Amino acid sequence: MAIIKFSQIEIETGFLHQIRVVFSKIGHPVLGDKKYFSEESDVLSNTLKISRNMLHANALYYNKNNHSDDVFSSNIEAVCPLPDDFSALLARLRKNKKK
C-alpha cells in the first residue's frame, strides 16, 4: 500500500528541479512528476488521475538585504493558496484515509 505525505518545506535557493530531485532520491517522488518518478508513484499518479506535478509554492520571499543588486527597493512577499485541483486531491485523500 502506498503512503502519501503532504510535506511543507523551506528552501534557501531556487535551483531548477531541486525539490523534485531530492525527494525522488530519498524515495519520495512528487506525485504527477513525469521526470523524477518511481514506478509506484507513476502508477499512483495515473490511478488518482493526476496530470501535473503536485508541487506548489505557497509563498515566495525576496529579502533585499540578501542581494547586491537593486532590482527591488523593498522586501517582497507573495502568498498563493493551493490551486483547486490540489485542494480537491487532498480532500479526496483525507476522506479515503478516514475509511
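Further up the page is the structure itself.
Residues numbered from 1 in each chain as written. Predicted model: local features only at pLDDT ≥ 70, side-chain atom pairs only at ≥ 80, totals over all residues. Heavy atoms only, no water.

Thoughts on the side chain of Arg20
Its location among the elements puts Arg20 in helix α1 (residues 18-25). Those residues in contact with Arg20, other than ones at most four positions away along the chain, are Val30, Asp33, Lys35, Tyr36, Asn53 and Leu55. (Helix = DSSP H or I, 4+ residues; strand = E, 2+ residues; numbered from the N terminus. Contact = heavy atoms within 4.5 Å.)

Comments concerning the nonpolar core
With eight residues, the main nonpolar core is built from Leu31, Leu44, Leu48, Ile50, Met54, Phe86, Leu89 and Leu90. No other element matches helix α3 (residues 84-98), which puts three residues into this core. Not counting chain neighbours up to four residues away, the residues in contact with Met54 comprise Val30, Leu31, Asp85, Phe86 and Leu89. (Core = buried A, V, L, I, M, F, W, Y, C linked by side-chain atoms within 4.5 Å. Buried < 20%, exposed > 50% of the residue type's maximum accessible area, 1.4 Å probe, protein only.)

A word on unusual backbone geometry
Of note, the phi angle at Lys49 is positive, near 60°, even though the residue is not glycine. For Lys49, a relative accessible area of 72% puts it in the exposed group.

Description of the environment of Ala78
Secondary-structure assignment places Ala78 in strand β2 (residues 76-79). Distance from Ala78 to Asn58, taken between C-alpha atoms, is 8.3 Å for residues 20 residues apart in sequence. Excluding residues within four positions of it along the chain, Ala78 makes contact with Asn58, Ala59 and Leu60.

Quick notes on the pattern of salt bridges
Taken as a whole, this structure holds three salt bridges when the rule is applied. Of the charged contacts, one joins Lys34 and Asp42 as a salt bridge, the two residues approaching to 3.0 Å between their closest N and O atoms. Here Asp85 and Arg52 are joined by a salt bridge, their closest N and O atoms 2.8 Å apart. Within this pair, whereas Asp85 is found in helix α3, its partner Arg52 is found in the loop between α2 (39-47) and β1 (59-62), the two being separated by 33 residues in sequence. (Salt bridge = Lys/Arg side-chain N within 4 Å of Asp/Glu carboxyl O.)

Function cannot be read off these values alone, since they describe shape.
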